[in-house]
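# Report on the structure
Chain by chain, the residues:
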Amino acid sequence: MPQTTSLPGTTDRRLAALLTLLSENATIVISGARIAREIGVSRSTVWRWVERLRELGVRAKGQPHTGYFLEKVPDILTPDLVRRRLKGSLFGKRVYHFFKTDSTNRVAMELGYAGEPEGAVVLAEEQTAGRGRAGRSWHSERGAGLYVTLLLRPKLSPVQAPLLTMLAGLSAHSAVAAQSGVKAELKWPNDLLVNGKKLGGILTEMHAEPSAVRFVIVGMGINVNQEKFPGELGGIATSLRRETGRSQSRLEFLAKLLRQFESDYNRFLREGAAYVVERFELVSSFAHGRRVRVDTGTETYLGTTEGLSPEGLLMVKRDSGVRATVIAGDVSEMK
Ligand code: BTN
């Protein structure tokens with residue numbers, strides 16, 4: 001099925017082609033006439049689009065009569081570049097890119113309802129209403145983080161779908177280490193933390209019938225190149241850049257993340273819940289022996305983590321001695 005291009009707000013294919021052309025010839029001046037010819041628009045459109053790219057933070061220099069060049073190759077996740085990096089992958093076929101959207105999860109849900117096939121990837125440089133867990137918002141500074149949502153159509157029952165959140169957490173944990181060397185902590189069910197500060201999170205949403213999942217969307221937000229965070233986030237969030245002291249290529253990181261997720265996803269479909277649960281218990285330092293506060297929305301209690309159930313639920317021994325299984329809720333560590 002060819003990729004839909006009419007989704008409102010997605011980056012114009014030719015605008016993306018302009019960016020790719022300039023990026024591939026960075027620091028070399030290309031004439032407006034050549035650009036116009038190669039991407040199939042008029043020279044005045046090229047000028048307008050270069051202006052637009054500048055507004056979006058791209059360091060494009062030059063004038064219509066001299067030609068244009070990029071002072072620095074921007075780390076923008078245009079569909080061409082992403083597809084090229086993900087050749088042969090489930091996620092290298094249908095890539096929807098936005099310079100700005102409210103939430104990539106919202107877009108992916110709409111694609112899901114519209115019958116979009118499995119493997120679609122929705123990316124944004126900036127989100128104006130990024131969604132976090134428990135109704136929280138997700139701070140989505142332009143070009144600094146990775147904001148990506150995947151559309152999946154697994155043959156699973158709805159009760160198994162939360163395992164995909166944990167699976168995505170495992171994939172993100174591996175991709176972070178491969179990209180930057182940062183050893184993040186993985187907190188059930190989906191938090192990536194470094195020294196207690198949030199590096200990334202996953203929000204899975206689904207459309208299901210009582211016995212079968214129709215589709216699941218897996219939204220991942222990873223703080224990559226933020227130098228600082230506004231307000232109270234300053235004390236509770238971190239980024240790969242802050243942890244390593246260097247900026248990281250979001251494109252490279254995205255490619256690692258999606259290839260890792262694809263391989264983990266295939267293993268989960270082949271081997272079942274045990275693959276996710278066993279790996280999570282190995283990787284997550286939170287799974288055993290941690291003092292935690294659990295907030296289920298209806299009650300709050302203190303206890304100590306005692307591993308995961310075969311279905312992937314967190315088991316906690318409450319301070320009262322009663323054993324509890326956390327189905328959903330906020331689990332925070334007690335220091
Ligand atoms: C959490 O609260 O830990 C989950 C955060 C998930 C944020 C990502 S960013 C990409 C995707 N689109 C959204 O609106 N949310 C998720």
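These lines cover the structure that appears in this document, whether it is placed above or below. (Residues numbered from 1 in each chain as written. Predicted model: local features only at pLDDT ≥ 70, side-chain atom pairs only at ≥ 80, totals over all residues. Heavy atoms only, no water.)

## Comments concerning the overall build of the protein
Rules: Strands are runs of DSSP state E lasting at least two residues, helices are runs of H or I lasting at least four, and both sets are numbered from the N terminus onward. It is over C-alpha atoms that the radius of gyration is taken, and the globule rule equals 2.2 Å times the number of residues to the power 0.38. Any two residues whose heavy atoms approach within 4.5 Å are treated as being in contact.
From N to C terminus, the protein includes ten helices and 14 strands. Taken over the C-alpha trace, the protein has a radius of gyration of 21 Å; the compact-globule value for 335 residues is 20 Å, and the two agree within 12%. Along the three orthogonal principal directions, the C-alpha set of the protein runs to about 80 × 40 × 30 Å. Considering only contacts in the protein between residues 6 or more positions apart, those separated by 24 or more positions represent 63%.

## Notes on the environment of D330
Going by this rule: Think of a polar contact as two N or O atoms within 3.5 Å of one another; within protein, one of them needs to be a possible hydrogen donor and the other a possible acceptor, and neighboring residues in sequence only count if both atoms come from side chains.
Within the fold, D330 resides in strand β14 (residues 330–333). On a C-alpha basis, the gap between D330 and V159 in space is 19 Å, while along the polypeptide they are 171 residues apart. Once you skip the residues sitting within four places of it in the chain, D330 turns out to touch R133, R136, R293, V294 and D295. In this structure the side chain of D330 is engaged in a polar contact, spanning 3.1 Å, whose partner is the side chain of R136.

## Structural notes on helix α3 (residues 43–55)
Counted only if it meets this: Here the expected length of a helix is defined as 1.5 Å per residue gap, with one fewer gap than residues.
In this model, α3 (13 residues) spans 19 Å end to end at C-alpha, consistent with the 18 Å of a helix rising 1.5 Å per residue. The first or second residue beyond α3 is G57, which carries a positive phi of 95°.

## Points about the environment of Y68
Its location among the elements puts Y68 in strand β2 (residues 67–70). Counting along the chain gives 32 residues from Y68 to A36, while the straight-line C-alpha distance between them is 12 Å. Once you skip the residues sitting within four places of it in the chain, Y68 turns out to touch L22, I28, V29, I30, G32, I35, V46, W47, V50, K61, G62 and Q63.

## Observations regarding the layout of surface pockets
The cut-off we apply is this: Using a 1 Å grid laid over the protein atoms alone, points where a 1.4 Å probe fits but cannot get out form a cavity; open sets with protein on both sides within 12 Å along at least 5 of 7 lines form a pocket; any residue with an atom within 4 Å of a point counts as lining. Grid points are joined across faces, edges and corners, and a volume is the space filled by probe spheres set on the points. Under the grouping applied here, Gly and all other residues not named as nonpolar or charged are polar, the nonpolar ones being Ala, Val, Leu, Ile, Met, Phe, Trp, Tyr, Cys and Pro and the charged ones Asp, Glu, Lys and Arg. Here the limits of each domain have been adopted from an automatic or database domain assignment.
Roughly 1000 Å³ of volume is contained in the largest pocket. If you go around the largest pocket, you meet 46 residues; those closest to its centre are R136, W138, D191, K198 and I236. Residue contributions to the lining of the largest pocket peak at five residues, all from strand β8 (residues 197–208). Broken down by class, the residue content of the lining of the largest pocket amounts to 15 nonpolar, 16 polar and 15 charged. When residues of the lining of the largest pocket are assigned to domains, at least three map to each of domain 2 (79–282) and domain 3 (285–333).

## Observations regarding helix α9 (residues 250–271)
Filter applied, for reference: Only protein chains enter the area calculation, which uses a 1.4 Å probe; residues under 20% of their type maximum are buried, those over 50% are exposed, and those in between are partly exposed.
The end-to-end C-alpha distance of α9, which contains 22 residues, comes to 31 Å, matching closely the 32 Å that a straight helix rising 1.5 Å per residue would cover. Among all positions in α9, only R250, L251, F253, L254, A255, L257, L258, F261, E262, D264, Y265 and F268 are buried. Elements that come into contact with the buried residues of α9 comprise α4 (79–85), β4 (121–124), β5 (145–152), α6 (162–180), β9 (213–223) and α10 (273–283). Phi turns positive, to about 85°, at G272, one or two residues after α9.

## What to know about the environment of S23
With respect to the helices, strands and loops of the structure, S23 is situated in helix α1 (residues 13–24). Excluding residues within four positions of it along the chain, S23 makes contact with L70, V73 and P74.

## Here's the deal with the side chain of T149
Within the fold, T149 resides in strand β5. T149 sits in the buried class, given a relative accessible area of 0%. Within polar-contact distance, the side chain of T149 engages the side chain of T104 at 2.7 Å. Here T149 is in contact with T104, N105, A108, A120, V121, V122, I217, V218 and G219, once residues within four sequence places are set aside.

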